[in-house]
Amino acid sequence: MTRIIVTTSGKGGVGKTTFTANIGMALARMGRTVVLVDADFGLRNLDLLLGLENRIVYTAVEVVTGECRLEQALVKDKREPKLVLLPAAQNRTKEAVTPEQMKQLVGTLTKNYEYIVIDSPAGIETGFKNAIVAAQEAIVVTTPEIAAVRDADRVVGLLEANGVKQIQLIVNRLRPAMVQMNDMMSVQDVQELLGIPLLGVVPEDERVIVSTNRGEPLVLAEDPTLAGKAFDNIARRLEGEKIEFLDLHPVHEGFLSRLRKLLWTKLI
Ligand code: ADP
Ligand code: MG
């Protein structure tokens, strides 16, 4: 059985592509066969995050127009043999592929892969429809900001209306110190607003920028940072393992904040 998962959000720039690259790499390292589908036509960057941009010859668009075979467009990861990427065309319009073509394409991929993870563009136009049309599950990524959460809420409604039954939440770029100062929404706040199960929390981490520039997902680091561990844990939860949520609290703290931390840890 293949799991077809779409990574979505309402607002752009919340970390979908970062999430998709890391989760794909983590799952492949756990022994799963994984294909990452870049459905962000017009603004591809999954290839950059994986350091595969120079290996792209064909994209999903040439596959659907019959200019190449599917296998010719798939790009193998340099480090992890179980991971491949189906790139998106950069210079075509978002209408280059129709939802029906996308569905067919993903259907073909189910023969050879255990996970198909589709990275969607921002917004809810054609690109979004392409990304969700074949998905059975959705992972909604949001940052703990009102605007992002409100837009995520709209997306949850759209996913439900389109028959995507299993919808789970990732809260990205959490800054625990800010939450403690009441300057940032807590994970619990976000979850209560959206009313979908929490799959994971990823802290704000400046190593994300380094990892993006190098084209090396964080989960590959020998001594992974908290964000890298968070991605790894999320992959394990997808696999059905019961993994505790990371303790994302600042190290220097007084008695009162430790007390709050105790209460808070129970909540995420
Ligand atoms: P999207 O695909 O939703 O548009 P990206 O994955 O491209 O979002 O991420 C948007 C920006 O946020 C990038 O510059 C990325 O490096 C940064 N980013 C994402 N997640 C984190 C994180 N946990 N900590 C710090 N920066 C992050
Ligand atoms: Mg993206």
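Computed from a predicted structure; not experimentally measured. (Residues numbered from 1 in each chain as written. Chains lettered and ligands numbered in written order. Predicted model: local features only at pLDDT ≥ 70, side-chain atom pairs only at ≥ 80, totals over all residues. Heavy atoms only, no water.)

Trainee: An account of the packing of helix α1 (residues 16-29) against helix α11 (residues 226-238) is needed here, citing residue identities and associated values.
Mentor: Two elements in contact, α1 and α11, have axes whose closest approach is 9 Å; the angle formed by their N-to-C orientations is 65°. α11 is crossed by α1, and the crossing has right-handed handedness. Packed against α1, whose contacting residues are T18, F19, N22, I23, A26 and L27, the element α11 presents F231, D232, I234, A235 and L238 at the interface. Split by residue class, the contact of α1 with α11 holds eight nonpolar, two polar and one charged. (Axes fitted to C-alpha atoms, helices over the stretch in contact; angles between N-to-C directions. Helix = DSSP H or I, 4+ residues; strand = E, 2+ residues; numbered from the N terminus. Left-handed = near helix turned anticlockwise from the far one by under 90°. Contact = heavy atoms within 4.5 Å. Nonpolar A, V, L, I, M, F, W, Y, C, P; charged D, E, K, R; others polar.)

Trainee: So what's going on with the UniProt feature "binding site: ATP" (unreviewed entry) in the protein? Residues and values would help.
Mentor: UniProt marks K11, G12, G13, V14, G15, K16, T17 and T18 with the feature "binding site: ATP" (unreviewed entry), using the numbering shown here. The annotated residues that sit in the lining of the largest pocket are G12, G13, V14, G15, K16, T17 and T18. Along the polypeptide, G12 turns up in the loop between β1 (3-8) and α1. With respect to the secondary-structure elements, K16 resides in helix α1. (UniProt positions renumbered as here; feature names shortened; annotations may be inferred. 1 Å grid on protein atoms, 1.4 Å probe; cavity = no way out; pocket = protein on both sides within 12 Å on 5 of 7 lines; lining within 4 Å.)

Trainee: Please set out the sheet that holds strand β4 (residues 83-86) residue by residue, giving values where relevant.
Mentor: Strand order in the open sheet formed by eight strands is β3-β4-β2-β5-β1-β6-β7-β8, with mixed pairing between adjacent strands. Strands with a single pairing partner mark the edges of an open sheet, and in this sheet they are β3 (75-76) and β8 (198-203). The pairing of strand β7 (residues 166-174) with β8 spans five bridges and is parallel. Bridged to I170 within β8 is G200. Seen against the sheet, α11 touches β1, β5 (115-119), β6 (137-142), β7 and β8 and runs at an angle of roughly 170° to β8. (Pairing = 2+ DSSP bridges.)

Trainee: So what's going on with the site of ligand 1? Which residues, and what values?
Mentor: In the vicinity of ligand 1, 14 residues are found, and the nearest of them are G13, K16, T17, T18 and D205. R173 is positioned such that a nitrogen or oxygen atom in its side chain is 3.1 Å from an oxygen atom of ligand 1. One nitrogen or oxygen atom from the main chain of D205 is found 2.9 Å from a nitrogen atom belonging to ligand 1. The protein chains hide 80% of the 570 Å² of surface that ligand 1 would expose on its own. When each cavity is represented as a set of grid points, ligand 1 is found to reside in the largest pocket. The set of elements that each furnish at least two residues to the shell around ligand 1 consists of α1, β7, β8 and α10 (207-214). At three residues, the largest contribution of residues to the shell around ligand 1 is made by α1. (Near = heavy atom within 4 Å. Polar contact = N/O pair within 3.5 Å; in protein donor to acceptor, adjacent residues only side chain to side chain. Areas by Shrake-Rupley, 256 points an atom, 1.4 Å probe, with all protein chains shown as cover. Sits in = over half its atoms within 2 Å of the grid points.)

Trainee: So, the side chain of D119: which residues are in play, and what are the values?
Mentor: With respect to the helices, strands and loops of the structure, D119 is situated in strand β5. Of the buried charged residues, D119 lacks a salt bridge, with K16 as the closest side chain of opposite charge at 6.0 Å. Setting aside anything within four residues of it in sequence, one finds D119 in contact with T7, K16, T17, T20, V37, D38, A39, D40 and L46. (Buried < 20%, exposed > 50% of the residue type's maximum accessible area, 1.4 Å probe, protein only. Lys, Arg positive; Asp, Glu negative; His and termini not counted. Salt bridge = Lys/Arg side-chain N within 4 Å of Asp/Glu carboxyl O.)

Trainee: If you had to explain the packing of aromatic side chains to someone new, which residues and values would you point to?
Mentor: What the rule picks out here adds up to one aromatic pair. Over the face of the ring belonging to F245 we find R237, whose NZ or CZ atom lies 4.1 Å from the ring centre. (Phe/Tyr/Trp six-rings, centres within 6.5 Å; stacked < 30°, edge-to-face > 60°. Lys NZ or Arg CZ within 6 Å of the ring centre and 35° of its normal.)

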